[in-house]
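Geometric and topological summary
Chain residues, written in single-letter form:
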Amino acid sequence: IVGIQCETGEVIDAKAVILATGTYLRSKVIIGDLVVDSGPNGLRRSEKLSESLESLGVELFRFKTGTPARIDERTVDYSKMVIQPGDEEPRRFSHLPDDFTPLGHKPCYLTHSNERTHDIIKTNMHRSPLYSGIIEGTGTRYCPSIEDKVVRFGDKDSHPIFIEPEGMKNRELYIQGVSSSLPVEVYQEFIRTVPGLEKAEIMRPAYAIEYDVIDPLQLDASLMMKAVLGLFAAGQVNGTSGYEEAAAQGLMAGINSACYVQGRESFILERSDGYIGVLVDDLVTKGTREPYRMMTSRAEYRLTLRNDNCDLRLTRKGRDVGLVNDYRWEIYQEKEQTVKDALAWVAQEKVQATEELNEFLVQKGTSAIRETTAWKELIKIPEMS
């Protein structure tokens with residue numbers, strides 16, 4: 001790679017380039033029998049980039065995803081729904097001890113589809129591009145459209161629908177669980193059979209979108225193209241589905257493109273290091289022929305890949321690659337030493353088999369001890385906290 005050339009002819013020199021094209025490569029938005037050459041939300045799609053990649057010998061194939069309608073908060077009756085409040089004490093991903101001020105939140109709400117909803121969908125199934133043959137791309141297995149749910153789970157009288165605010169200051173609501181490519185008038189009709197949505201007004205229609213993706217088997221573990229040095233790819237263009245999956249790849253491609261430019265070794269996370277390691281390894285060694293979603297069941301080390309120990313697993317690696325500042329590093333070192341001291345203490349210190357202790361153990365529902373025992377062994381007893 002020596003750079004990129006824009007459609008306008010402008011040339012931007014670069015030693016490394018990261019493709020993070022989302023669902024925009026030769027994308028088609030599909031609503032009923034309407035097919036528009038467009039990216040999401042009416043934005044321009046990218047055509048030349050797919051052609052350029054193919055000219056380099058990069059193999060592409062088609063995936064499909066979809067999104068539900070956005071509805072006007074002012075037209076919803078929350079009294080017919082079940083509130084789904086957030087945590088009273090917001091939990092953080094960060095392990096730093098800093099105080100922080102929550103931004104506040106709006107609650108979500110739960111409602112359900114019903115037999116009337118399903119009847120309208122079944123009556124109009126011939127108008128769904130999923131079943132009329134208009135859509136050819138492979139869709140997400142784990143986020144089926146409402147049409148898919150009605151067909152595949154015909155024994156179900158209802159499906160859960162979560163009403164999720166799009167932001168603190170706008171009035172758009174995301175109807176989780178009702179993605180669809182049915183015509184707008186059909187969507188409007190069936191959504192008004194749902195309790196609380198009888199007067200719902202659509203602000204943005206639901207749609208399906210087809211787009212090009214790279215076969216991720218063409219990437220190495222740094223997310224760089226094997227055949228095109230300096231060309232990296234991250235996110236949905238690699239065949240994944242989901243915000244977290246895309247963010248994880250963006251982080252890794254960003255780190256590795258910098259390492260590449262600096263002439264440093266690639267930064268690779270093993271499967272035992274974190275879910276990011278599992279995600280990347282799955283993509284570049286197994287590939288995917290459907291939108292890939294990261295799930296705990298894919299990780300053989302999932303019992304050790306926990307939120308409470310992620311700093312112990314990854315901070316040192318972050319420091320080595322230059323992404324952990326002195327403040328964070330100092331706090332991490334203090335915690336690491338505290339953990340080592342605690343482990344040494346429970347291994348060395350012993351407790352006497354007193355009558356008082358054994359009475360306590362029996363009350364806890366476990367056996368008494370007969371001899372002096374290290375705390376390390378005592379706290380292995382399941383009944384002990």
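In this text the structure is predicted, and so the values were computed from the model without any measurement.

1. Some words on the sheet that holds strand β9 (residues 108-112)
The sheet built from six strands is open, its strands ordered β8-β9-β10-β11-β7-β12 with antiparallel pairing. Only two strands of the sheet have a single neighbouring strand rather than two, namely β8 (82-84) and β12 (202-204). Across the sheet, the mean angle from the axis of one strand to that of its neighbour is 35 degrees, orientation sign disregarded. Two elements, β9 and strand β10 (residues 160-165), share four bridges in a ladder whose sense is antiparallel. The partner of T111 across the bridge, within β10, is I161.

2. Concerning the pairing of strand β6 (residues 60-67)
When you tally the buried positions in β6, you get six out of eight residues, the bulk of the element. With eight bridges connecting them, β6 and strand β13 (residues 207-214) associate as antiparallel partners. Within the sheet, the bridge partner assigned to F61 lies in β13 and is V213.

3. Thoughts on the packing of aromatic side chains
What characterises a pair of aromatic rings is the spacing of the ring centres plus the angle enclosed by the ring planes. This structure, assessed with the given rule, holds six aromatic pairs. Between the aromatic rings of Y78 and Y109, the centroid separation amounts to 4.1 Å while the plane-to-plane angle is 25 degrees, which identifies the pairing as stacked. Of this pair, Y78 sits in the loop between β7 (70-72) and β8 while Y109 sits in strand β9, placing them 31 residues apart in sequence. Judged by its relative accessible area of 23%, Y78 falls in the partly exposed class. A residue is classified by how much of its surface remains accessible, and Y109, at 14% relative accessible area, is buried. A cation over a ring is seen here: R289 above F61, with NZ or CZ 4.2 Å from the ring centre. Above the ring of Y292, the side-chain terminus of R298 is found at 4.2 Å from the ring centroid.

4. What to know about the nonpolar core
L53, I214, L223, M225 and L231 are the most contacted members of the largest nonpolar core, which has 35 residues in total. Taken together, the elements giving at least two residues each to this core come down to β3 (17-19), β14 (231-233), α6 (243-262) and α7 (275-286). For M225, the residues in contact, after removing those within four places along its chain, are V58, I214, Q218, L219 and L231.

5. Here's the deal with the packing of helix α8 (residues 310-321) against helix α9 (residues 326-348)
Running from amino to carboxyl end, α8 crosses α9 at an angle of 140 degrees, the nearest separation of the two axes being 11 Å. The orientation of α8 relative to α9 falls into the category oblique. When the axes of α8 and α9 are compared, the crossing they make is left-handed. Mapping the contact onto sequence places D311, L312, T315, R316 and R319 in α8 and D326, W329, Y332, K335 and E336 in α9. In terms of residue class, the contact of α8 with α9 is built from three nonpolar, one polar and six charged.

Cut-off values and rules
- Residues numbered from 1 in each chain as written.
- Predicted model: local features only at pLDDT ≥ 70, side-chain atom pairs only at ≥ 80, totals over all residues.
- Heavy atoms only, no water.
- Pairing = 2+ DSSP bridges.
- Helix = DSSP H or I, 4+ residues; strand = E, 2+ residues; numbered from the N terminus.
- Axes fitted to C-alpha atoms, helices over the stretch in contact; angles between N-to-C directions.
- Buried < 20%, exposed > 50% of the residue type's maximum accessible area, 1.4 Å probe, protein only.
- Phe/Tyr/Trp six-rings, centres within 6.5 Å; stacked < 30°, edge-to-face > 60°.
- Lys NZ or Arg CZ within 6 Å of the ring centre and 35° of its normal.
- Core = buried A, V, L, I, M, F, W, Y, C linked by side-chain atoms within 4.5 Å.
- Contact = heavy atoms within 4.5 Å.
- Parallel < 35°, antiparallel > 145°, perpendicular 65-115°, else oblique.
- Left-handed = near helix turned anticlockwise from the far one by under 90°.
- Nonpolar A, V, L, I, M, F, W, Y, C, P; charged D, E, K, R; others polar.

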